[in-house]
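Remarks on the overall topology
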Amino acid sequence: MSFQQLLRQHLRIEQLWVMAAITSGFIHSVLTILIPVSIGKYYEIVFHTSSNKGRILKMLGISLDGNITHFFLFFFGIVVLRGVFGTIERYLTNIQGERFARLLREQLFAKQITVSLTQFREKIMGKYLLRYSSDFKSLKRYYSIGILTFVKDVLFFGTSLYFLFHLQVQLTLLLLAALVVFFLINTLLNRKIKDIDQQKRDLRSGLVAFITQRFAAMSAIKSLSRETEEIRKFNRRSERIYTVNRGYQRQAAPMNAMVPTLLYGYLGIMLVYLYVSRADALLSSGELVSYILLLLMLFPTFRRLIKVRNVWRSGQISSVTYNQLLGQTVEQHTEASVEFTPELHSLAWKNLSFYSGKQIRQEFGWQMQIGQINHLQEADTDAVLAVLTGAQPALKGHLILNGETTLAHVAIGSRIAVASYSIPLYGKDLTEALQIKERNIPKAQKLLAKLGVELTEEAFSEPIGDHGNLLSYRERKLLIIARSILSSKPILWLEEPFAGLPVETRYRLWDVLQELIPNRTIVVASLETVPNPVESVS
């Protein structure tokens, strides 16, 4: 589903709230117009004159009968109601923007979390993170300002012009002519700034990716004493961004200053026109003040209408990126909560060819034996696992699951629980890191106790740091193994499970694996000798 389809779906589902936001905005606009219009009535009451404003109020069914007390009650009533409906309009508009941004976030995350690893790795992590910051801000503004506020402003602008025509036709026609000129000038300036805006966004995306990559490699940078070089690289990128932003501001600054300059210039031209044409013949003093006040109230709205093109442009650029991400092919996946049948699963592959680094491993075959711990003593086990789980495609060959030949890695990957130090823990505490529910904590405690890790129930809610960096190496290693065992998947694939563990812990782990043999198919992918004799296949 594309961004445009999501937008239409949201508008259809939220149509009542959207109409409430627009209606409250329109009422707020009418009340805003009534403030300068009612001032004409004030002139009529205080100076005992007749004005078009008084007639406009009568046209709206409002009659104050020349009573100054009634006028002040009416005037302050308008002010209060304008504040109330302004609050309602802003709240509904902003909430609609938040609801739409929430829909986009959830759709995008659901898409990104289910794409293949091959597709996911085509972009640096920082560029994915940027989608959740600046791009979502642009798309939210596109909806709340570019659509909802725009509709409200158009209604306000049209209503204001209607009243201005009733006050003075010639001046309002002159205003319309000036607005056409403003629009044409703004269109020309926007064409020049569009390409610079895109370049600015691309450079910012690259900088976020650079920072994310370098912070992830902080240990390597420290050990290689690369701090100075990385600072130089960052500064070069920062300088490029500054140069582009400076060019952007050279274009944007006159465009932003143009609207108020032209509008107030029009106001000056209007005053000259009134002076030359004998203002008293066109408008009374009260009418002139009311016309100017209403015109000044119209200026901010016109500025938003002119600048809304920037919001649309930014939203359209972000929507292109959003659609590209939504267009990625997702994998079929099995939920972690799915309970597989307890039957043992056999796994084999024949004539399998795949990339291992930059080299191609040719014609690799292996048969797993049920009822024992299978030892796969190969240098390419990480590449084999990548093929099984779909992280990389096989060049040729067949995978055989339970005697049936398949090329669909998802059918196999969804049945393999992998314990590898390259697949770190994630989550704020042990419960999340082990991917278990609170009711399964006693089961996890029992398993970890067998592995030599004694934990209280309270310890499962304590923070473990980013990727478990608050834990020791031994604790992280055993928790990664426990995570795979606690899953319901029938095949356990353990990458170097004994490496770096004390001898006593190795034998504890071996005993746990022996207990799992009747119900789980186990593969130990390790180049080193395991504690007990197992079948070794090279």
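Let us look at the structure shown here. Here the residue index of a chain counts from 1 through its sequence in written order. Owing to the predicted nature of the model, reporting of local features is limited to residues with pLDDT of at least 70; listing and counting of side-chain atom pairs is limited to 80 or more, with chain, interface and lining totals taken over all residues. As a rule here, side-chain values cover all heavy atoms of the structure and leave hydrogens and water aside.

So, the overall build of the protein
Under the scheme used here, helices are H or I runs from DSSP no shorter than 4 residues and strands are E runs no shorter than 2 residues, and both carry numbers assigned from the N terminus. Broken down by element type, the protein carries 17 helices and 9 strands. Buried positions account for 45% of the 538 residues belonging to the protein. For this analysis, residues touch if any pair of their heavy atoms sits within 4.5 Å. Partitioning the intrachain contacts of the protein with sequence separation of at least 6 by distance along the chain shows that 77% fall at a separation of at least 24. Methods summary: accessible areas were calculated by the Shrake-Rupley approach with a probe of 1.4 Å, and residue burial reflects only the protein chains presented. Of the roughly 28,100 Å² of accessible surface on the protein, 59% is carried by carbon and sulfur atoms. For every residue, the accessible area obtained with a 1.4 Å probe (protein chains only) is divided by the maximum for its type, and the residue is called buried under 20%, exposed over 50%, and partly exposed between those limits.

Overview of the nonpolar core
Formed by 36 residues in total, the largest nonpolar core has its most connected members in Leu434, Phe460, Leu513 and Ile522. At the level of elements, β6 (416-419), α14 (430-433), α15 (441-450), α16 (473-486), β7 (491-495), α17 (503-516) and β8 (521-525) are the ones that each hand at least two residues to this core. A total of 7 residues in this core trace back to one element, the largest contributor, which is α16. With residues up to four places along the chain from it excluded, the contact list for Ile522 reads Gln372, Ile373, Asn374, Leu492, Leu494, Leu513, Leu516 and Ile517. Throughout this description, the term nonpolar core refers to a set of buried Ala, Val, Leu, Ile, Met, Phe, Trp, Tyr and Cys residues connected via side-chain atoms within 4.5 Å. Formed by 27 residues, the second largest nonpolar core is a distinct cluster that contains Tyr266, Leu274, Ile292 and Leu298.

Observations regarding the packing of α15 against α17
At a minimum axis separation of 8 Å, α15 and α17 run at an interaxial angle of 130°. In terms of orientation, α15 and α17 fall into the oblique class. Note on element contacts: α17 touches α15 through Arg508, Val512 and Glu515, opposite Leu447, Ala449 and Lys450. As a working rule, the residues Ala, Val, Leu, Ile, Met, Phe, Trp, Tyr, Cys and Pro are called nonpolar, Asp, Glu, Lys and Arg charged, and the rest polar, with Gly in that last group. Here the residues of the contact of α15 with α17 sort into 3 nonpolar, no polar and 3 charged. In this description, a line fitted to the C-alpha atoms serves as the axis of each element, helices being fitted only across the stretch in contact, and the angle between N-to-C directions of two axes falls anywhere from 0 to 180 degrees. Oblique is the label for any angle not under 35 degrees, not over 145, and not in the 65 to 115 range, which are roughly parallel, roughly antiparallel and roughly perpendicular in turn.

Regarding a negative patch on the surface
Patch membership requires over 30% relative accessible area and the absence of a salt bridge. Like charges are linked within 9 Å, and nonpolar side chains (Val, Leu, Ile, Met, Phe, Trp, Tyr) within 5 Å. Any Lys or Arg side-chain nitrogen found within 4 Å of a carboxyl oxygen on Asp or Glu counts as a salt bridge. Residues scored as charged are limited to Lys and Arg (positive) and Asp and Glu (negative), so that His and the chain ends carry no count. All charge positions are set by atom: Lys at NZ, Arg at CZ, Asp at CG, Glu at CD. On the surface, Glu438, Glu457, Glu458 and Glu462 cluster together into a patch of negative charge. Counting through the fold element by element, Glu457 comes out in the loop between α15 and α16.

Considering the pattern of salt bridges
Evaluation of the coordinates by the stated rule reveals 11 salt bridges. One salt bridge connects Arg214 with Glu230, and the closest N-O pair in it is separated by 2.5 Å. Of this pair, Arg214 sits in helix α7 (residues 169-216) while Glu230 sits in helix α9 (residues 227-276), and the two are 16 residues apart along the sequence. Pair check on accessibility: Arg214 and Glu230 agree, each one buried. We note a salt bridge from Arg508 to Glu504, for which the minimum N-O separation is 3.6 Å. Taken together, the positions of Arg508 and Glu504, both in helix α17 and 4 residues apart, correspond to about one turn of that helix. For Glu504, a relative accessible area of 56% gives the class exposed. Via salt bridges that share partners, Lys152, Asp153 and Arg304 belong to a single interconnected network.

Re unusual backbone geometry
A positive phi is found at Asn351, a non-glycine position, where the angle reads about 50°. By the secondary structure assignment, Asn351 is in strand β1 (residues 347-356). Within the chain, Gln435 stands out as a residue other than glycine whose phi angle is a positive 60°. Take Gln435: it is sitting in the loop between α14 and α15. With a relative accessible area of 44%, Gln435 lands in the partly exposed category.

Some remarks on α17
When the terminal C-alpha atoms of α17 are compared, their 20 Å separation across 14 residues agrees well with the 20 Å that a helix rising 1.5 Å per residue should span. Among all positions in α17, only Thr505, Leu509, Trp510, Val512, Leu513 and Leu516 are buried. Across the axial projection of α17, the buried residues extend over an arc of 160°, all falling on one side. Exposed residues pointing more than 90 degrees away from the buried face of α17 are listed as Val503 and Glu504. For α17, the secondary structure elements touched by its buried residues are β3 (373-376), α15, α16, β7 and β8. Helix span is expected to be 1.5 Å times the residue number reduced by one. To be clear, the arc concerns the directions from the helix axis to the C-beta atoms.

Looking at the sheet that holds strand β2 (residues 359-367)
Here we have 4 strands laid out as an open sheet, ordered β2-β1-β4-β5, and antiparallel in their pairing. Here the strands that pair on one side only, and so sit at the sheet edges, are β2 and β5 (404-406). Direction aside, the axes of adjacent strands within the sheet are offset by 30° on average. Pairing analysis gives 5 bridges linking β1 to strand β4 (residues 396-401), with the strands arranged antiparallel. Across the sheet, Ser353 pairs through a bridge with Lys396, a residue of β4. Taken strand by strand, helix α12 (residues 381-389) contacts β1, β2 and β4, and its axis lies near 110° from that of β1. The rule for pairing is simple: two strands pair if DSSP sees at least two bridges between them.

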